[in-house]
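Structural description and commentary
Spelled out from the first residue to the last, the chains are:
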Amino acid sequence: MQATTVLFYLFAAVTVFAALRVISSRNPVHSALFLVLTFCSAAGIWMLLKAEFLAITLVLVYVGAVMVLFLFVVMMLDINLDSVRRGFWKNLPVALFVGVVVVLELAAVLIHSFGGVKATDAPRLPADYSNTKALGSLLYTEYVWAFEIAAVILLVAIVSAIALTLRRRKDVRYNDPSAAVRTRSQDRLRMIKMPAQPRQGSQE
């Protein structure tokens, strides 16, 4: 057995285990951390498939940005775990049905696309071939609108997360920038003229 095959089964086992723990963990923070592990192991599988750009993008975008933001929101919000767990067993049949449908759809796509393809049928690529360059050319030509829509959705997610965690506390001093800009020098300093008085104990 080759080393790449051993690594593939290792990464696949870690991915399946971490994905199951994402939906079975009782703590949302633990679920998010298991999702980070799922992304990292999936990135390892992408590396074995010689898709370095997709692996690095998965780690940088989802693990380094989206999941960190999600963890920040989960830890900042006061989530009632009892209300989250309520109705889990009630909705389990619907969730299992949807999961089975998704698995069957993905299996049908894989069988239809790669059912009759052999390893020897794959086209031979030149030595200087760059999958990053090919992916960029395809992404910014045929799928440019999908790329822009995905960017807008991520921007909305960032703004929504900031809006959810933005709280005005009464015990914290708050400076109004507009009031500070409108401040004049006369409002900051006031000159008072008082008559001079001799000090106590001094001789006149």
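One numbering rule holds for all chains: residues counted from 1, following each sequence as written. Local features in a predicted model are, by the rule used here, given only for residues with pLDDT of at least 70; side-chain atom pairs are given and counted only at 80 or more, and totals for whole chains, interfaces and linings are based on all residues. To obtain the side-chain values, all non-hydrogen atoms of the structure were used and water was disregarded.

Under an unreviewed UniProt entry, the name given to the chain is NADH-quinone oxidoreductase subunit J, and the source organism is Zeimonas arvi. Turning to the chain, the UniProt annotation filed under Function (unreviewed entry) states: "NDH-1 shuttles electrons from NADH, via FMN and iron-sulfur (Fe-S) centers, to quinones in the respiratory chain. Couples the redox reaction to proton translocation (for every two electrons transferred, four hydrogen ions are translocated across the cytoplasmic membrane), and thus conserves the redox energy in a proton gradient." UniProt positions are given in the numbering used here, feature names are shortened, and annotations may be inferred rather than shown by experiment.

In this scheme Phe, Tyr and Trp rings, the latter by its six-membered ring, pair at centre separations within 6.5 Å, and the angle between planes marks the pair as stacked below 30 degrees, edge-to-face above 60, and tilted otherwise. Applying the stated criterion across every chain, the model contains 4 aromatic pairs. Seen from their ring centres, F8 and Y9 are 5.6 Å apart, and the 65° between their planes marks the pair as edge-to-face. Here's how the labels work: a residue is buried when its accessible area is under 20% of the maximum for its type, exposed when over 50%, partly exposed in between, all with a 1.4 Å probe on protein chains only. By relative accessible area, which is 40% here, F8 ends up partly exposed. Since its relative accessible area comes to 52%, Y9 is described here as exposed. Centroid distance F39 to Y62: 5.4 Å. Interplanar angle 50°. Geometry classified as tilted.

Here we take up the UniProt feature "transmembrane region" (unreviewed entry) in the chain. When the UniProt feature table is mapped onto this chain, "transmembrane region" (unreviewed entry) is found at residues 6-24, 31-49, 55-79, 91-114 and 143-166. Secondary structure elements are taken from DSSP: a helix is a run of H or I of four residues or more, a strand is a run of E of two residues or more, and numbering for both begins at the N terminus. Helix makes up 95% of residues 31-49 and strand 0%, and the two end C-alpha atoms of the span are 27 Å apart. Secondary structure within residues 91-114 divides into 96% helix and 0% strand; the distance between the first and last C-alpha atoms comes to 34 Å.

Once that is clear, we can look at the nonpolar core. What makes a nonpolar core is a set of buried Ala, Val, Leu, Ile, Met, Phe, Trp, Tyr and Cys residues whose side-chain atoms join them at distances within 4.5 Å. Core analysis: the largest hydrophobic core is formed by 10 residues, namely A32, V36, F39, A42, A43, A55, L58, V63, M67 and L71. Broken down by secondary-structure element, the contributors of at least two residues to this core are α2 (28-48) and α3 (52-76). Residue contacts are counted whenever heavy atoms from the two residues lie within 4.5 Å of one another. Every residue in contact with A55, bar those within four places of it in the chain, is listed here: A43, W46 and M47.

Our next topic: unusual backbone geometry. Glycine aside, residues mostly have negative phi, and peptide bonds are mostly found in the trans state. Positive phi outside glycine occurs at K50, with the angle close to 60°. Mapped onto the elements, K50 comes out in the loop between α2 and α3. For K50, a relative accessible area of 65% puts it in the exposed group.

Counting through the fold element by element, V63 comes out in helix α3. Residue classification places V63 among the buried residues on the basis of a relative accessible area of 15%. Measuring from C-alpha to C-alpha, the distance between V63 and L35 comes to 8.6 Å, with 28 residues separating the pair along the chain. Ignoring anything within four residues of it in the chain, the contact list for V63 reads V36, F39, C40, L58 and V68.

So, on to α3. Helix length check: α3, at 25 residues, gives a terminal C-alpha distance of 34 Å against a target of 36 Å (1.5 Å per residue), a fit within 8%. Given a residue, its bend is the angle between the two axes fitted to the seven residues that end at it and to the seven that start from it. The axis of α3 is deflected most strongly, by about 30°, at M67. In this structure, the buried residues of α3 make contact with α2 and α7 (144-165). Helices are assigned an expected span. That span is 1.5 Å times one less than the residue count.

With that out of the way, let us pick up α2. With 21 residues, α2 extends 31 Å from end C-alpha to end C-alpha; this agrees with the ideal 30 Å at 1.5 Å per step. Within α2 the residues assigned to the buried category are S31, A32, V36, T38, F39, S41, A42, A43, G44 and I45. Here the buried face of α2 lies against α1 (3-24) and α3.

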